[in-house]
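Examination of the molecular architecture
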Amino acid sequence: MASERQAQEAALKFQTFFDQSVDGVSMLDPISLRFEAANAAMAELTLGVPDVARFLETTPRDWLADPQPNGLSAASLAQKMAERALEDGSVRFEALHQQIDTNTLWWAQVSVKRLELVEGLRLLCQVRDISEGRRYQEKLHKLAFSDPLTQLPNRAATLDWLQQWKLREDMQCLALVNLDLDGFQQINDSFGYTVGDRVLKAVASLLPTLAPPGAWVARLEGDGFVVLLPGLHGGAALTWVTEMQAGLADGVRNLDLMPTRLSCCAGIAVLAPLTLQPAEELLQCANTALSQARRRGYGQLDLYDTAMSRRIERDLMLEQCLEACLRDQGAGLQLVYQAQVDRNGALVGAEALLRWSLTDGSAVRPDEFIPLAERTGHIQAIGRWVIETGCRQMALWQQADLVLPSLSLNVSPMQLDQQQGEHSLFEQLQIALSTWKVDPRLLELEITETALFLDREEAMPQLRKITDLGICFAIDDFGTGFASIEMLKSFPLSKLKIDKAFVDHVVADDQDQAIVAATVLLGRRMGLTVLAEGVETTEQWKVLANIGCDSFQGYRFARPMSADQFANTFLVTSSSPSGPIAPN
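Every chain is numbered independently, its residues counted from 1 as its sequence is written. Since the coordinates come from a predicted model, pLDDT governs what is reported: local features require at least 70, and pairs of side-chain atoms require 80 or more to be given and counted, while whole-chain, interface and lining totals use all residues. Side-chain figures throughout are based on the complete set of non-hydrogen atoms in the structure, without hydrogens or water.

Numbered from the N terminus, helices here are DSSP runs of H or I no shorter than four residues, and strands are runs of E no shorter than two. Summarising the element assignment, A339 is placed in strand β11 (residues 333-342). In this structure, the C-alpha to C-alpha distance between A339 and A352, residues 13 residues apart in sequence, is 9.2 Å. Ignoring any residue separated from it by four or fewer positions in sequence, one finds A339 in contact with L347, G349, A350, F552, Q553, A558, F566 and F570. Contacts were defined at the residue level, with two residues in contact if any of their heavy atoms lie within 4.5 Å.

Here it is as structure tokens:
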């Protein structure tokens, strides 16, 4: 009797749970998948109304969404879960449901348990509505994997996409295109952040329309976007990027967002099938190519190769070494001096050329470390070192009663920016000249044509102050840039230096002779002296002298040499007359 009473009590408790549970509860036959019992909550969840009798006439495939998000049909999902519950004793899963009466989609957590009853095996199903939780999860997922401004996928989503792509059995080659908008910070500064945001949104809308079907488009950060192109190799990707650059510029221009034409740089990396590289490294390869493209200017593109990574690694190593060099008061930096002579070969001055050697003694080419210093901002400290060292050397020669008519120091356009550095270029010169008691008239500063494109209202007062000290300016590598006559007129110049490119073939090339002659005539009319750089032969010297160049510099006369070598070779005391350098 006691055991019978306990069984009745247990049955009552089960029935109470069954009827009063806020979750949907039902019992079904595991073979036919027909329901034998259910509570009102189960009927209301699946039908939209608490009609238990009507619910018992349904089967799971009537209210499971068909197909499921994972591609399974409703019937297959119900069958698979029933089989797992019978085999393992229980199973829990999440599934998308659809109310029969309202067609409302909702997510449920389903727990299925095997029951061994007197009448045979049954399955007990407990269904809980988790739609609100799923919506919250989806919101969190969107925050984590999408860009709030453009609504495009973000970096995290892109890395996840790449990882999934690598797992595909039918994986093809994949082109990764990393692109940056050119001068985007200037857009923000000139037109405001509202316009900048509108440009980003416009680009985000245009890129998917320019991309082929199946492409992945995402915003990484700032003005950086990525496009993943399945099935495209390097050549096809380069062609697409070129077309995309034109389409993007035209599309943004048609939206009339700003008066300037939009351009972008792009870096491309191609992912081969079955690659083992992590997704982050693959994205970094495209970014490396982008960095190389940006160094060449606006609207450029580059295709990644392994040598590119080695160049980047060397740049990083050199940057660290350069920082250590400057912390150690310029250890490894050296000025060497190259003679400048007149038509008779007499010394009229010297150019101080910067050299840098690493701690292992290996030399770094100027055309490698000077651009690096400009990109990293170290050019300011290097420029100060050059001015200080050049003035100190002039003072040492003066103390030894050695005469150098003029010393030229090279100046980066960035040094003319008064917003950078602790002291302006004018102040640096003032301090060095005062410290070493050097006559300013013995100094000449060489600037490239790039400097002529600086903000004149900002740069001109400083240049005037420098020339008021008595220091002269020369344009280096003249003829290789884009300086106009009007620009030359507006800057306080005293010399033009003809670039070596026009000197190399001046003996035999009539066009180069014409260019040199025109430069000499221009210099004469503007009251400027003209110096020819890179003179290597006597024939070049004679031709250039006949054309009318005032002075010359190059291996024909002397290679760059240390201060002591230069003094021993060229400098004489103030009481001794200097003679010409005789031709070989």
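Counting through the fold element by element, C264 comes out in strand β9 (residues 264-271). The buried label applies to any residue whose accessible area, calculated with a 1.4 Å probe on protein chains only, is under 20% of its type's maximum; exposed applies above 50%, and partly exposed to all values in between. Look at C264 and you get buried, because its relative accessible area is 3%. Ignoring any residue separated from it by four or fewer positions in sequence, one finds C264 in contact with D180, L181, D182, M244, Q245, L248, G299 and Q300.

Moving on: the pattern of salt bridges. The salt bridge definition used is simple: a Lys or Arg side-chain nitrogen within 4 Å of an Asp or Glu carboxyl oxygen. Counting across every chain of the model gives 23 salt bridges. Linking D439 and R441 is a salt bridge whose minimum nitrogen-to-oxygen distance equals 2.8 Å. On the basis of relative accessible area, D439 is assigned to the partly exposed category, the value being 27%. Taking relative accessible area as the criterion, R441 reaches 62% and is therefore assigned exposed. Taking the shortest distance from any N to any O, the salt bridge between E444 and K495 comes out at 3.3 Å.

All right, on to the sheet that holds strand β5 (residues 120-129) then. Two strands are said to pair when DSSP picks up at least two bridges between them. Reading across from one edge, β2-β1-β5-β4-β3 is the order of the five strands in this open sheet, with antiparallel pairing throughout. Either end of the sheet is taken by a strand with one partner, and the two such strands are β2 (35-38) and β3 (90-98). On average, adjacent strands in this sheet sit at an angle of 25° to one another, irrespective of strand direction. Under this scheme, a helix contributes an axis fitted over its contacting stretch, all axes are lines through C-alpha atoms, and angles between N-to-C directions fall in the 0 to 180 degree range. Set on the sheet, helix α6 (residues 131-145) makes contact with β3, β4 (105-117) and β5; between it and β4 the angle comes to about 130°.

This paragraph deals with the packing of helix α11 (residues 279-295) against helix α12 (residues 306-327). Two packed helices can be described by the angle between their axes and the distance between those axes. Contact geometry of α11 with α12 gives a least axis separation of 10 Å together with a crossing angle of 70°. It follows from the interaxial angle that α11 and α12 lie roughly perpendicular. Judged by residue contacts, T288, A289, Q292 and R295 of α11 engage M308, S309, R311, I312 and D315 from α12. In this count, Pro and Cys sit with the nonpolar residues alongside Ala, Val, Leu, Ile, Met, Phe, Trp and Tyr, while Asp, Glu, Lys and Arg are called charged and the others, Gly among them, polar. Broken down by class, the residue content of the contact of α11 with α12 amounts to three nonpolar, three polar and three charged. In this scheme, roughly parallel covers angles under 35 degrees and roughly antiparallel covers those over 145, while 65 to 115 is roughly perpendicular and the rest are oblique.

Let us now look at unusual backbone geometry. Note the cis peptide between D66 and P67, where omega equals 0°. Positionally, P67 belongs in the loop between α4 (60-63) and α5 (74-88). Located in the positive-phi region is N103, a residue other than glycine, with phi close to 65°. The phi torsion at D401 lies on the positive side, around 65°, for a residue other than glycine. Its place among the elements puts D401 in the loop between α14 (379-399) and β14 (402-403).

The next point concerns the nonpolar core. Put simply, a nonpolar core is a bunch of buried Ala, Val, Leu, Ile, Met, Phe, Trp, Tyr and Cys residues held in one set by side-chain atoms that sit within 4.5 Å of each other. Core analysis: the biggest nonpolar cluster contains 60 residues, and W356, W397, L404, L407, L445 and F566 have the highest contact counts within it. The dominant element in this core, judged by the number of residues it contributes, is α14, at nine residues. Ignoring any residue separated from it by four or fewer positions in sequence, one finds W356 in contact with L318, C321, L322, C325, A331, G332, L333, S362, A363, V364 and F369. Grouped together as the second largest cluster of nonpolar side chains are 30 residues, L152, A175, V203 and V227 included.

Quick look at the pairing of β3 now. As judged from the nine bridges shared by β3 and β4, these two strands associate in the antiparallel manner. Each residue of the ladder has a partner; that of E94, found in β4, is Q109.

So, on to the sheet that holds strand β8 (residues 224-230). The five strands are arranged β7-β8-β6-β9-β10 in an open sheet whose pairing can be described as mixed. With one partner strand each, in any of the chains shown, β7 (216-221) and β10 (301-303) form the two edges of the open sheet. Mean inter-strand twist for the sheet, computed between neighbouring axes without regard to direction, equals 20°. With seven bridges connecting them, strand β6 (residues 174-181) and β8 associate as antiparallel partners. For L179, the partnering residue across the bridge sits in β8 and is F225. Packed onto the sheet, helix α9 (residues 193-210) meets β6, β7 and β8 and runs at close to 5° relative to β8.

Right, let's get into the confidence of the model for the protein. The predictor's confidence in any single residue is recorded as pLDDT, a number from 0 to 100. Taken as a whole, the protein shows an average pLDDT of 86; of its residues, 89% reach a score of 70 or greater. In the predicted structure, residues 9-13 sits below a pLDDT of 50 and forms zero contacts with residues beyond four places in sequence or in another chain.

Moving on, we get to the state of the cysteines. Covalent bonding between the sulfur atoms of two cysteines defines a disulfide. The disulfide criterion used throughout: a pair of cysteine sulfur atoms within 2.5 Å. By the definition in use, this model includes zero disulfides. C325 carries a free sulfur, and the closest cysteine sulfur to it, the one in C321, is 9.2 Å from it.

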